[in-house]
Amino acid sequence: MITLTVNGKSHSVEAAADTPLLWVLREHLGLNGTKYSCGIGECGSCNVHMNGELIKSCQTSIGKAAGATVTTIEGLGANGLHPVQQAFIDENVTQCGWCIPGQIMTIAMMMETNPAPTDHEIDMGLRENYCRCGTYARVRKAIHRAASSA
């Protein structure tokens, strides 16, 4: 059994130590907001926070997550929606939506250290998050909205 805290709740999971955290989140804990896309850590769709760091859950084993504190898209807003989540809604960012959870997790982490990023800083911060629908301009607009609401 491997124990970890996800979105503020302790969980004990029976899984092989090399099982990707992504599959534990989705299959064992029913947290389907974190998406599987490329499976090789290139697209950012599976990004979550672990012990205050942004990680790719498809490339992080449950063994490495043992004892960790993990936050997924479902747990991001402690009391309702996180300002970045609300800004994505307000700016109608989503098209297909597959990349959105990973982008929001990346942006939320980025804004902890840089609460008012420039367009260049946004582009650099999201360089490992891919959106097949090309919503990048709306994403930038949402980030600026979230920054102004903070």
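Up top you'll find the structure we're talking about.
Source: prediction; values computed, not measured.

## Focus on the packing of helix H3 (residues 83-90) against helix H6 (residues 136-149)
At a minimum axis distance of 8 Å, the contact between H3 and H6 shows a crossing angle of 130 degrees. In terms of orientation, H3 and H6 fall into the oblique class. The interaxial crossing formed by H3 with H6 has right-handed handedness. In this structure, H3 contributes Pro83, Val84, Ala87, Phe88 and Asp90 to the contact, and H6 contributes Val139, Ala142, Arg145, Ala146 and Ser149. Tallied by class, residues from the contact of H3 with H6 come to seven nonpolar, one polar and two charged.

## Notes on the pairing of strand S3 (residues 47-50)
Within a regular strand, side chains alternate between the sheet's two faces. By the alternation rule, side chains of S3 split into Asn47 and His49 and Val48 and Met50, which are all buried. Strand direction decides the pairing type here: S3 and strand S4 (residues 53-56), joined by four bridges, are antiparallel. Across the sheet, the residue bridging to histidine 49 is leucine 54, located in S4. The hairpin formed by S3 and S4 contains two residues between the paired strands, and asparagine 51 there has a positive phi angle of roughly 50 degrees. Bridging between S3 and strand S5 (residues 69-71) involves two bridges; their strand directions are antiparallel. From the neighbouring strand, histidine 49 faces S5, where its bridge partner is threonine 71.

## Remarks on the packing of H3 against helix H4 (residues 100-113)
It is at 9 Å that the axes of H3 and H4 come closest, and there the two elements cross at 130 degrees. Classed by the angle they form, the pair H3 and H4 counts as oblique. Crossing hand, H3 versus H4: right-handed. On H4, the residues that touch Val84, Gln85 and Phe88 of H3 are Ile100, Ile104, Ile107, Ala108 and Met111. Here the contact of H3 with H4 is built from residues that sort into seven nonpolar, one polar and no charged.

## Side note on H3
Among the residues of H3, those classed as buried are Val84, Gln85, Ala87 and Phe88. One side of H3 holds all its buried residues, which, seen down the axis, span an arc of 165 degrees. Against H4 and H6 lie the buried residues of H3. Where H3 ends, the next residue or the one after it, asparagine 92, has phi of about 50 degrees, a positive value.

## Quick notes on the sheet that holds S4
The five strands lie next to each other as S2-S1-S5-S3-S4, forming an open sheet whose pairing is mixed. The sheet terminates laterally at strand S2 (9-13) and S4, the two strands that pair on one side only. Across the sheet, the mean angle separating the axes of adjacent strands is 40 degrees when strand polarity is ignored. Sheet strands in contact with H4 are S3, S4 and S5, and its direction is about 40 degrees off that of S3.

## Description of the nonpolar core
In terms of nonpolar packing, the biggest core is built from 22 residues, with Val84, Phe88, Ile104, Ile107, Met111, Val139 and Ile143 touching the most fellow members. Contributions of two or more residues to this core are made by H3, H4 and H6. In terms of residue count, H4 provides more of this core than any other element does, seven residues in total. If we ignore the near neighbours within four places in the chain, the residues touching valine 139 are Phe88, Val93, Gln103, Ile107 and Leu126. Listed in part, the 15 residues of the second largest apolar core include Ile2, Leu4, Val6 and Ala65.

Calculation notes
Each chain carries its own residue numbering, running from 1 in the written order of its sequence. The model is predicted, so local features are restricted to residues of pLDDT at least 70 and side-chain atom pairs to those at 80 or more, both for listing and for counting; the totals for chains, interfaces and linings are taken over all residues. Water and hydrogen atoms play no part in the side-chain values, which are based on all heavy atoms of the structure. A fitted line through C-alpha atoms serves as each axis, taken over the contacting stretch for helices, and the angle formed by two N-to-C directions is quoted from 0 to 180°. Numbering goes from the N terminus for both helices and strands, where a helix is a DSSP run of H or I of at least four residues and a strand is a run of E of at least two. Each angle gets one of four labels, with under 35 degrees taken as roughly parallel, over 145 as roughly antiparallel, 65 to 115 as roughly perpendicular, and the rest as oblique. Each helix crossing is assigned a hand: it is left-handed if the near helix lies turned anticlockwise from the far helix by less than a right angle, otherwise right-handed if that turn is clockwise. By definition, residues are in contact when any of their heavy atoms lie within 4.5 Å. Amino acids are sorted into nonpolar (Ala, Val, Leu, Ile, Met, Phe, Trp, Tyr, Cys and Pro), charged (Asp, Glu, Lys and Arg) and polar (every other residue, Gly among them). To sort residues, take the accessible area from a 1.4 Å probe on protein chains only and compare it with the maximum for the residue type: under 20% means buried, over 50% means exposed, and anything in between is partly exposed. Only strands that DSSP links by at least two bridges are regarded as paired with each other. Within this analysis, the arc is defined by the directions that extend from the helix axis to the C-beta atoms. Take the buried residues of types Ala, Val, Leu, Ile, Met, Phe, Trp, Tyr and Cys, join any two whose side-chain atoms come within 4.5 Å, and each joined set is a nonpolar core.

Coordinates in, geometry out; function isn't part of it.
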